[in-house]
Amino acid sequence: MEPLNALVVFLNFVFIPAAAYGAQLALGALGVTLIYGILRFSNFAHGDTMAFGTAITILVTFALQGAGVTFGPLPTALLALPVGIAATALLVLGTDRSVYRFYRERKAAPVILVIVSMGVMFVMNGIVRFIIGVEDVVFTDGARFVIDARGFREATGLAEGLALRSTQVITLVTAAVAVALLFWFLNRTRTGKSMRAFSDNEDLALLSGISPERVVAITWIIVAALATTAGVLYGLDKSFKAFTYFQLLLPIFAAAIVGGLGNPVGAIAGGFIIAFSEVMVTYAWRKVVAYLLPEGLEPTSLLQLMSTEYKFAVSFAILVIVLLFRPTGLFKGQSV
Amino acid sequence: MTEAYDPLRDDRGNRDISITKIGNPPVLTPAENRETRPAPGAVRAFLTAEAMVGGYGRGANILNGCTVAAEKGQIAVIVGPNGAGKSTAMKAVFGMLELRQGTVTLDGEDITRLKPQERVARGMAFVPQTRNIFASLSVEENLEMGAFLRRDDISRTMEQVYTLFPILKEKRRQPAGELSGGQRQQVAVGRALMTEPKVLMLDEPTAGVSPIVMDELFDRIIEVARQGITILMVEQNARQALEIADMGYVLVQGANAYSGTGRELLADPMVRKSFLGG
Ligand SMILES: Nc1ncnc2c1ncn2[C@@H]1O[C@H](COP(=O)(O)OP(=O)(O)OP(=O)(O)O)[C@@H](O)[C@H]1O
Ligand SMILES: [Mg+2]
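Residues numbered from 1 in each chain as written. Chains lettered and ligands numbered in written order. Predicted model: local features only at pLDDT ≥ 70, side-chain atom pairs only at ≥ 80, totals over all residues.

### Some points on the overall build of chain A
At step 1: Assigned secondary structure in chain A consists of 14 helices and 2 strands.
At step 2: Against the 2.2 N^0.38 benchmark of 20 Å for 336 residues, chain A shows a C-alpha radius of gyration of 21 Å, consistent with a compact globule.
At step 3: Seen through its C-alpha atoms, chain A measures out along the principal axes to roughly 70 × 55 × 35 Å.
At step 4: For chain A, the share of sequence-separated contacts (at least 6 apart) that also reach a separation of at least 24 residues comes to 75%. (Helix = DSSP H or I, 4+ residues; strand = E, 2+ residues; numbered from the N terminus. Rg over C-alpha atoms; globule rule 2.2 N^0.38 Å. Contact = placed C-beta atoms within 7 Å.)

### Here's the deal with helix α2 (residues 46-66) of chain A
Helical geometry: 3.6 residues make up each α-helical turn, so side chains three or four residues apart lie on a common side.
At step 1: With 21 residues, α2(A) should cover 30 Å at 1.5 Å per step; its first-to-last C-alpha distance of 30 Å lies within 8% of that length.
At step 2: Trailing α2(A) by a residue or two, A:G68 shows a phi angle of about 85°, which is positive. (Expected span 1.5 Å × (residues − 1).)

### Some remarks on the pairing of strand β8 (residues 230-234) of chain B
All names here are of chain B.
At step 1: With 5 of its 5 residues buried, β8 lies for the most part within the structure.
At step 2: Burial of β8 is two-sided: the residues T230, L232 and V234 facing one way and the residues I231 and M233 facing the other way are all buried.
At step 3: Two strands pair when backbone bridges link them, and strand β3 (residues 75-79) and β8 are joined in this way by 4 bridges, in the parallel orientation. Note that in β8 the partner of I75 across the bridge is I231.
At step 4: Viewed along the sheet, the connection from strand β7 (residues 199-203) through helix α8 (residues 211-226) into β8 turns out right-handed. (Buried ≥ 20, exposed ≤ 12 C-beta atoms within 10 Å, placed from the backbone. Pairing = 2+ DSSP bridges. Right-handed = clockwise from strand over helix to strand, strands pointing away.)

### A closer look at the nonpolar core
Within soluble globular proteins, side chains that are nonpolar tend to cluster in buried spots.
At step 1: By size, the foremost hydrophobic cluster in this structure holds 173 residues, and its most contacted members are A:A26, B:M201 and B:I231.
At step 2: Of all the elements, helix α1 (residues 3-39) of chain A adds the most residues to this core, at 18 residues.
At step 3: Here this core spans two domains, and each of domain 1 (38-123 + 197-278) and domain 2 (130-196) of chain B adds at least three residues to it.
At step 4: If sequence neighbours within four positions are ignored, A:A26 has contacts with A:A175, A:A255, A:A267, A:I268, A:G271 and A:F272. (Core = buried A, V, L, I, M, F, W, Y, C linked by C-beta atoms within 7 Å. Domains from an automatic or database assignment.)

### Thoughts on the environment of A:L30
All names here are of chain A.
At step 1: Structurally, the position occupied by L30 is in helix α1.
At step 2: As for L30 and F253, which are separated by 223 residues in sequence, their C-alpha atoms are 9.8 Å apart.
At step 3: Residues within four places of L30 in sequence aside, it is in contact with L182, L226, P264, A267 and I268.

### A short note on the sheet that holds strand β2 (residues 63-70) of chain B
Residue and element names in this part refer to chain B.
At step 1: An order of β2-β1-β4-β5 is seen for the 4 strands of this open sheet, with the pairing classed as antiparallel. If you trace the sheet from one side to the other, it starts and ends with β2 and β5 (109-110), each paired once.
At step 2: Note: strand β4 (residues 99-106) against β5, 2 bridges, orientation antiparallel. For L106, the partnering residue across the bridge sits in β5 and is E109.

### Details of the interface of chain A and chain B
At step 1: Counting from both sides, the interface comprises 22 residues of chain A and, opposite them, 27 residues of chain B.
At step 2: Counted by class, the side of chain A that touches chain B contains 9 nonpolar, 5 polar and 8 charged residues. (Nonpolar A, V, L, I, M, F, W, Y, C, P; charged D, E, K, R; others polar.)

### Topic: helix α4 (residues 110-132) of chain A
Residues and elements named next belong to chain A.
At step 1: An ideal rise of 1.5 Å per residue puts 33 Å on 23 residues; α4 measures up with 32 Å between its terminal C-alpha atoms.
At step 2: Taken together, the buried positions of α4 are L113, V116, S117, V120, M124 and V128.
At step 3: Tucked into the core, α4 has its buried residues touching α2, α3 (77-105) and α10 (242-247).
At step 4: Where α4 ends, the next residue or the one after it, G133, has phi of about 85°, a positive value.

### Concerning the domain arrangement of chain B
All names here are of chain B.
At step 1: What the domain assignment reports for chain B is domain 1 (38-123 + 197-278) and domain 2 (130-196).
At step 2: Measuring from the centre of the C-alpha atoms in domain 1 to the corresponding centre in domain 2 gives 23 Å.
At step 3: Taken together, the contacts link 14 residues of domain 1 with 10 residues of domain 2.
At step 4: Mapped onto the side of domain 1 that touches domain 2, the elements with two or more residues apiece are α3 (116-121), β7 and α8.

### Some points on the sheet that holds strand β10 (residues 255-260) of chain B
All names here are of chain B.
At step 1: An order of β6-β7-β8-β3-β9-β10 is seen for the 6 strands of this open sheet, with the pairing classed as mixed. In this open sheet, the two strands that pair with only one neighbour each are β6 (124-127) and β10. Pairwise comparison of adjacent strand axes, ignoring direction, gives a mean angle of 15° for this sheet.
At step 2: Pairing of β7 with β8 involves 5 bridges; the strand directions are parallel. Bridged to L200 within β8 is I231. (Axes fitted to C-alpha atoms, helices over the stretch in contact; angles between N-to-C directions.)

Okay, structure coming up:
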């Protein structure tokens, strides 16, 4: 029995990757949930908004690298991120002006807006592929590891190595900062409170003199920032590919719905729930179990519930279960 | 174009329903002697809504030439059967409904075409009949949102509201949705007072509260009026409301059936017979 080695394997292959992935999903789900709370529809174009922001950030990163600018041990993409956010904000504000506002003025039902957002999704889909193509793009630079596996083995004398990639640390730190900023904004500032008021009771917000167009515009800008940050972090951690970002829509929606649509705290919890479920269900536990069991009892099978190709089934299953038994999500959200 | 979207609507706009309005509202036709006292048209009061005609969207007229007015620092009360159009009249006065005919003036200025937010900026405040608080925001945040348009220091006004409704101070960190019905109504009125309005419009402020709380709320409303704030309110408890009213309007099918001072209406045999139940 070697519980320490088991713990290291668990941290290395389950906990750390799932935490980083969870933070990325949480940021994505926050964007979805804000749109739902304020504009009252599920934005299917969110994955492609993330892709757009990331694509712009990548181009700026390449330009910076070409000009010889780097960010020391940190990835250059973090320097380019503000530009990506600004470009995405312009894109979504433009989309709102030219598409969504038309339907808002006619007080179209949410289901109509969902269909509209699918149209927007296809357009953004095309734009992103046009800008950056369909291939895998790797844009990580700077230091690769905070702790690398060999160094860890040598330092601890354990058989198993623990690797902590810098992108994982950056993901967690950036996500924490973004979330803290968002909550500070929503709970402490006048504008943030007016957004919550608008989301709570639109008519009364109007009666209080809160301007809906302003609230909507600020929401889009925040969503652009969250989406781009989520996309860039995901891209740094793995790689960028337009199609993958489109596929992220499912786990992101699952996260937002599990947490309770319209509820920011729920979106964060949902992100981690989905990420941990996905990783744990698709991970082969043999090694961990082998370390935990007495010698001679090692399992012969992989102890993997589902192969990684089916990871989307996990989000889907959780989504269905939540919708069946608790349609408003784990935290109090609006019902779907 | 807009027409095509109508059936698709839901979720947005007001959801003005009341437990008393289920099914067909009893029909009460305007009485012969509409002219108990002419609605004050020629004399312009501080807030005057004259000969309002209008309905929701492109639907039929709900208001058929209704006139209400309130003098500065006085209490005007609208009473009438369910579905008479009282709430509709209030919304029309506040610009939440497009008028097909008629004018609304505030302090001599024509505000008929102003948006609700612009009316807020001119010193009007409205407490709707339903959904009149931000349920997920704390009591204090509700009050802050009431003062959204103000850029000056609001702490003094907030203290005044807390003096008026002491229970709110105690519960100021609690989400307003977790308060009792009567406390919520206090939040709603408090929110409206935060703009330091010149005109306070209340749609059934005592709906669903116990008789004791109701008396209490009426007292508070009188207190507010004494500070020089003009009050226009709709009340289901007609008798009590007319007792404190300087002016009263009985609305039937979107038109003035009777109007007069509160005392006059209470004394009018026709009003008593057809409306106050003897
Ligand atoms: N949002 C709305 N859309 C369409 N019609 C409405 C709407 N609100 C009310 N109505 C209609 O307008 C008429 C008058 O309603 P209103 O709410 O003004 O009555 P009320 O006098 O306030 O009644 P109550 O005493 O029950 O509050 C009713 O026939 C009602 O069906
Ligand atoms: Mg009403």
